[in-house]
Amino acid sequence: MSAAALPVVVIGAGPIGLAAAAHLVARHETPLVLEAGSAVGASVLKWAHVRVFSPWCYNTDRAAVFLLEQAGWSPPSPDTLPTGRDLVERYLQPLAALPALAPHLRLNARVLSVTRQGYDKMKSPGRDAAPFAVRVALDGVEQEIAAKAVIDASGTYTRPNPLGGNGVPAIGEAACADQIVYGIPDVLGMDRERYAGRRVLVVGSGHSAFNALLDLGTLSEQEPATRITWAIRTTDMRRLFGGGADDGLPARGSLGTMTRALVDTGRLTLVSGFSTERLTRAADGIVVSSADRDLAPVDEIIGATGFRPDLSLLTELRVDLDPAVEAPSALAPLIDPNLHSCGSVPPHGEAELRHPEAGFYIVGMKSYGRAPTFLMLTGYEQVRSVVAAIAGDIEAARNVELVLPETGVCSTDPDEPACCGSEPAAPAVAFEAACCAPAPAAIAVGNEACCEPAPGAVPNELPVMVGVGVGAASPSTDASACCR
């Protein structure tokens with residue numbers, strides 16, 4: 001079989017991986033989606049209880065929606081907020097079951113390595129013409145699959161950062177693993193008994209931490225014996241809680257505002273400037289220590305410290321990654337939180353995602369490496385551009401539109417004010433006329449019902465990988481104006 005006739009392997013059957021498959025089908029390419037889990041959206045199901053910030057309109061890919069609607073799928077109300085479970089059961093599962101995609105999906109298929117057939121990393125002559133060799137354990141049996149291109153959309157959720165402040169597990173962290181949960185546990189649901197009436201430490205200062213803290217705050221109202229400690233590395237209180245009313249995404253701003261209220265009312269103990277070095281089991285609980293102090297013993301720990309990509313399967317490919325962010329080198333300076341946190345990521349697509357290994361791409365959350373600001377619509381635009389390039393439509397691949405809302409805070413310079421600009425973000429309704437332009441003719445899925453910003457328009461893009469805790473402020477419903 002010629003390389004041109006081989007499938008395009010997509011690693012991961014989450015929202016971005018299945019969107020890539022939909023775009024490949026639209027361009028008459030053959031996808032082969034390899035999912036390590038036993039179900040599509042396996043990682044999303046790990047935070048199934050979390051309600052996301054963004055309405056349905058911004059959580060679906062236009063090529064995927066076109067395929068679904070052709071099969072009679074009725075989309076959820078565009079201005080409602082789904083949970084992780086909703087995303088899987090009402091969107092990803094119906095998408096994966098479509099006749100256009102189902103034959104190209106393999107579950108329980110863990111990718112072990114991606115290489116070039118007959119080439120290690122050192123060998124160059126003829127390299128770009130050789131098919132990819134994807135080594136996969138399918139239901140535990142190893143086999144090798146030849147591919148014309150590979151799109152790695154495997155995400156980062158299975159690789160949480162450790163508690164240790166220097167990037168490796170703290171001393172004693174592994175020994176205390178049975179009392180540590182990484183991510184956002186279901187504090188008010190299936191994990192309630194684990195945390196009710198207990199002393200709980202939350203480590204981390206991002207939106208995942210906010211969600212865990214808000215749920216714990218609600219639990220402490222119902223179970224007054226519950227005690228909450230929050231340990232963070234930063235000492236910059238100006239930026240800790242986000243932009244509040246200045247955030248271009250009201251729900252995100254409200255999340256920080258509500259967390260600030262927990263601190264201000266004394267319902268939790270905030271410990272700033274704390275970098276975890278050691279965990280020690282004591283008679284009365286786990287003692288977590290930094291270089292200069294010990295925290296009071298706790299019963300349970302929630303590590304909300306972010307995630308990092310698993311790069312082990314790519315060791316024999318020629319990839320160009322930033323040494324710090326672990327994102328493609330052209331993308332890294334656009335998303336590095338050390339440089340900015342305003343949500344002002346410039347447009348990027350195939351050109352910023354390509355590697356020296358022609359035909360290989362990392363997309364979605366994994367493309368952001370260790371950066372924490374990935375939005376789902378960003379991933380959808382990435383795969384649209386990447387698939388266009390794989391199909392040979394270079395013009396469509398280059399035509400990338402992406403404008404993200406500001407957070408209301410920046411981390412560019414600690415001596416500067418905490419706001420990102422003097423101009424408030426325009427409301428979503430201002431873009432109503434431009435928000436629902438038909439898909440470009442270059443894409444065979446031209447669906448007039450999906451949200452695709454016209455050139456120059458600013459989409460009201462909302463984050464998806466962070467949810468809103470119980471009692472969170474009601475989301476804006478402006479999305480209904482541009483998601484008809």
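Just so it is clear, the structure is predicted and the values come from calculations on it, not from any experiment.

Trainee: Could you give me a rundown of the pairing of strand 14 (residues 285-289), with the residues and numbers involved?
Mentor: Among the 5 residues in strand 14, 5 count as buried, and that is most of the element. Pairing of strand 13 (residues 278-282) with strand 14, which is carried by 5 bridges, proceeds in the antiparallel orientation. Looking at the pairing, Thr280 lines up with Val287 of strand 14. In textbook terms, the turn of a hairpin is the stretch between consecutive antiparallel strands, and for strand 13 and strand 14 this stretch comprises 2 residues.

Trainee: Go over the environment of Pro160 with me, naming the residues and quoting the values.
Mentor: When you line up the elements, Pro160 lands in the loop between strand 8 (149-152) and strand 9 (180-182). Between the C-alpha atom of Pro160 and that of Tyr182, which follows or precedes it by 22 residues, the distance is 6.5 Å. Residue contacts for Pro160: discarding those within four places in its chain leaves Tyr182, Gly306 and Phe307.

Trainee: Report on helix 1 (residues 15-26), specifying residues and quantitative values.
Mentor: If you check helix 1, its first and last C-alpha atoms are 16 Å apart, about what 12 residues at 1.5 Å a residue would give, namely 16 Å. Buried residues dominate helix 1, accounting for 11 of its 12 residues. Three or more residues of helix 1 are buried, namely Pro15, Ile16, Gly17, Leu18, Ala19, Ala20, Ala21, Ala22, His23, Leu24 and Ala26. For helix 1, the secondary structure elements touched by its buried residues are strand 1 (8-11), strand 2 (31-34), helix 2 (62-70), helix 3 (84-96), strand 8 and helix 10 (376-390). Just past helix 1, the residue His28 takes up positive phi, approximately 60°.

Trainee: Could you give me a rundown of the nonpolar core, with the residues and numbers involved?
Mentor: Membership of the largest hydrophobic core comes to 64 residues, with the highest contact counts inside it found for Ile16, Tyr91, Leu95, Ile151, Ile335 and Val363. Contributing elements (two or more residues each) for this core: strand 1, helix 1, helix 2, helix 3, strand 8, helix 8 (332-335), helix 10 and helix 11 (394-398). The leading source of residues in this core is helix 10, at 9 residues. Once residues within four sequence positions are removed from consideration, Ile16 is found in contact with Ala153, Val363, Gly364, Phe374, Met376, Gly379, Tyr380 and Val383. Ranked by size, the runner-up nonpolar core spans 23 residues in total, among them Val202, Ala209, Leu213 and Leu219.

Trainee: I'd like a description of the sheet that holds strand 16 (residues 360-362), backed by residues and values.
Mentor: With parallel pairing, 5 strands are arranged side by side in an open sheet as 4-2-1-8-16. Looking at the sheet topology across the chains shown, the edges are occupied by strand 4 (105-106) and strand 16. In terms of strand pairing, strand 2 meets strand 4 through 2 bridges, oriented parallel. From the neighbouring strand, Leu34 faces strand 4, where its bridge partner is Arg106. The sheet contacts of helix 10 involve strand 1, strand 8 and strand 16, and relative to strand 8 the element is tilted by about 175°.

Cut-offs applied
- Residues numbered from 1 in each chain as written.
- Predicted model: local features only at pLDDT ≥ 70, side-chain atom pairs only at ≥ 80, totals over all residues.
- Heavy atoms only, no water.
- Buried < 20%, exposed > 50% of the residue type's maximum accessible area, 1.4 Å probe, protein only.
- Helix = DSSP H or I, 4+ residues; strand = E, 2+ residues; numbered from the N terminus.
- Pairing = 2+ DSSP bridges.
- Contact = heavy atoms within 4.5 Å.
- Expected span 1.5 Å × (residues − 1).
- Core = buried A, V, L, I, M, F, W, Y, C linked by side-chain atoms within 4.5 Å.
- Axes fitted to C-alpha atoms, helices over the stretch in contact; angles between N-to-C directions.

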